[in-house]
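# Per-entry structural report
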Amino acid sequence: MSKLATIRWREFAIESLVRVAGVSTIAFVALIFLFLLREGAPAFFRIPLDNLFGVRWYPTFDLYGALPLILGSALVTITAILIALPLGVATAVFVREAAPPWAREILKPMIEVLAGIPSVVLGFFGMTLVAPFIRSALGAPTGLTAFTGALILAYMALPTIISVAEDALDAVPKSYRDAGLAMGATQWQTIWRVVVPAARSGILTAVMLGMGRAIGETMAVMMVTGNAARMPLSLDSLFRPVRTMTATIAAEMGEVARGSTHYHVLFAIGIVLFVITFAINLSAASAIFQKRRRGGLR
Amino acid sequence: MTRTGSIPCAQPEPDRRLPTGRLLLAAWLCLMPALLAGCALPADSASAGAPSIALTIQNKGSDTLVNLALAWAEAYMPAHPEISISVTGGGTGTGIAALLNGTVDIANASRQIKAEEYTAAQAAGIFPVEFTVARDAIAVVVNRANPITQLTLQQISDIYTGKITNWRQVGGLDRPIVLLSRESNSGTYVYFLEQVIRLGKKSDLLFSPDTLLMPSSEGISAEVRQNPNAIGYDGLGYVTADQKMIALARDPHGPYVLPAIATVNDGSYPVSRPLYMYIAGEPAGTIRAYLDWVLGDGQELVSKLGFVPLETYRPLGSRRP
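The paragraphs below set out a description of the structure included in this document. Model, not experiment: these values are computed from the prediction.

## Describing the packing of aromatic side chains
Residue and element names in this part refer to chain B. Using the criterion set out here, one finds 18 aromatic pairs over all chains in the structure. Between Y160 and F192 the ring centres are 5.1 Å apart and the planes differ by 75 degrees, which places this aromatic pair in the edge-to-face class. Here F192 lies in helix α6 (residues 187–197) and Y160 lies in helix α5 (residues 153–161), a separation of 32 residues in the sequence. We note that Y160, like F192, is buried. Here the aromatic cluster, defined as three or more aromatic residues joined through ring pairs, consists of Y160, Y189, F192, F207 and Y233. A cation sits over an aromatic face here: R273 above Y191, 3.9 Å from the ring centre.

## Observations regarding the side chain of A:S237
Residues and elements named next belong to chain A. Position of S237 relative to the elements: it lies in the loop between α10 (219–224) and α11 (245–253). Only 3.2 Å separates the side chain of S237 from the backbone nitrogen of L233, close enough to count as a polar contact. Once you skip the residues sitting within four places of it in the chain, S237 turns out to touch L75, A146, R230, M231 and P232.

## Thoughts on the environment of A:V93
Residues and elements named next belong to chain A. Inspection of the secondary structure assignment puts V93 in helix α3 (residues 67–98). V93 gets classed as buried once you look at its relative accessible area, which sits at 13%. Separated by 73 residues in sequence, V93 and E166 have C-alpha atoms that sit 7.0 Å apart. Leave out the neighbours within four places in its chain, and V93 touches A98, L169, I191 and V196.

## Some points on α11(A)
Summarising burial for α11(A): seven of the nine residues are buried, a large majority. Those residues of α11(A) not exposed but buried are A:M245, A:T246, A:A247, A:T248, A:I249, A:A251 and A:E252.

## Concerning the environment of A:W57
Along the chain, the position of A:W57 falls in strand β1 (residues 57–58). The spatial distance from the C-alpha of A:W57 to the C-alpha of A:P197 is 44 Å, given a sequence separation of 140 residues.

## A short note on the packing of α3(A) against helix α4 (residues 101–116) of chain A
All names here are of chain A. Where α3 meets α4, the axes come as close as 9 Å, and the angle between the chain directions of the two elements is 140 degrees. Remark: the crossing between α3 and α4 carries left-handed chirality. For the pair α3 and α4, contact is made by T91, F94, V95 and R96 and by R104, L107, K108 and I111, respectively. Classifying every residue of the contact of α3 with α4 gives four nonpolar, one polar and three charged.

Cut-offs used in this document
- Residues numbered from 1 in each chain as written.
- Chains lettered and ligands numbered in written order.
- Predicted model: local features only at pLDDT ≥ 70, side-chain atom pairs only at ≥ 80, totals over all residues.
- Heavy atoms only, no water.
- Phe/Tyr/Trp six-rings, centres within 6.5 Å; stacked < 30°, edge-to-face > 60°.
- Helix = DSSP H or I, 4+ residues; strand = E, 2+ residues; numbered from the N terminus.
- Buried < 20%, exposed > 50% of the residue type's maximum accessible area, 1.4 Å probe, protein only.
- Lys NZ or Arg CZ within 6 Å of the ring centre and 35° of its normal.
- Polar contact = N/O pair within 3.5 Å; in protein donor to acceptor, adjacent residues only side chain to side chain.
- Contact = heavy atoms within 4.5 Å.
- Axes fitted to C-alpha atoms, helices over the stretch in contact; angles between N-to-C directions.
- Left-handed = near helix turned anticlockwise from the far one by under 90°.
- Nonpolar A, V, L, I, M, F, W, Y, C, P; charged D, E, K, R; others polar.

Dropping the structure here:
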């Protein structure tokens, strides 16, 4: 038994441990999905599809129309991204391209702090300050609206969007900027016409990740959107209450009878949510992979 | 045991939703001391040689009452370690059926025993005795700035189904009405739907889809406090001082009554109901002592759980040692 053998054995043990740790992540995702599928699938057999995708969500009376919930989530998330995208990209451009070093030193940790604010705190802030403001400023009947939720979600998606977009800008070669400036373009023209377009797929990834963050958010949304399961189809829907998928699951799962139809429907909504988030994250990841093959995250 | 089938009300009452998860946990928490006591008993009696027997009170029925019954049991047991009380829900019908089978000692009920249930009980040689243990009242609340002070039940039904959408239509300001409700798994939601929106009749009226479902009582009070358009409802025990309660009337001519312990107890406030416990025959011994406590000191817990305590304490008679 030599020293070499001991080292080899150690190497083997550590390598296996690391491998197990890596593979287990995949296994956990797979197991979670299987669990979701097992608990959620009965909903599709027990309830006619026209009920399940109907427009009336009254689970107490066996009306499980999930369409208002899906559209509610979509409305809040898309609006949040539309608000967060320009703000996030602008912040990233400022931090990366325009800010003097001292401002950068302050801004970057502040953005990290922004990411660390618990969502329930933001929800409380939204409920007590933003919602009354929206009601008085916009004249909506109530301040608990899809727009209020979107504002809070935009705030929550910002750190993700800023840091990923900043990485993307960072990966744009310095020669691009030099070339732009050498051509006689101003700094603004260089940023807007050269650097940002060169980083657009990275920015798209940022948006996707921000969206994934926003659609899965529960607590803050439940506190500020009013949770009325109405179809958000009219023009003023943005300034009316909505009910999202996440808020529905969070509000109703606690008291539902295990194994009941309602229980299975909540898991079915979980499946829908999982599939949507998975698709969003996958498209974000594939954008990163494509770019990596061409050299660098841009 | 074959009697069970003949009881016409064995199906659980469609009353309030089953908070199963919490219920099981609570039941388990309640049963644990009983099991532990049961395990500890042989050792105890062996060492002390005393013939002390752990007494178990089985308590089952209404889901409305289950949390209150649990609170009572949890408060009573530490002071009386020889007694263990197990509380389960399942609905009023289930509780009464179990009482007639002799499997429970106390049946919790959010309605009075039905005539056919009483007949079935008599046939089984059981004479159920009724005790009102608390009352359940729901207050309708608006913002303090809202000039509305009174509404009929029909008006509230029309407001919550979306037929009336502006305060002007009920004599208020020209403002939209914002409907607030508890989440659909709250017992209060179902009770309000049946007693107010459906006016106690059979119908398929539902809450308007525009109703905001608030995850907590605090959600309702926060919105009512700051939004002059809002209307909400909640158990009387949960209404805070910064909301304005509405006086309700059964019909437009009838007296408009504000909810209070007195008006709830004399039955003049329309959205309230007594909650009962039924015992097979006149209570005696442990059960009598427990009921005595529930109707006396136990009433202090009632308002904490959002119900209305009884106005007067009616003792069952002299307590047994």
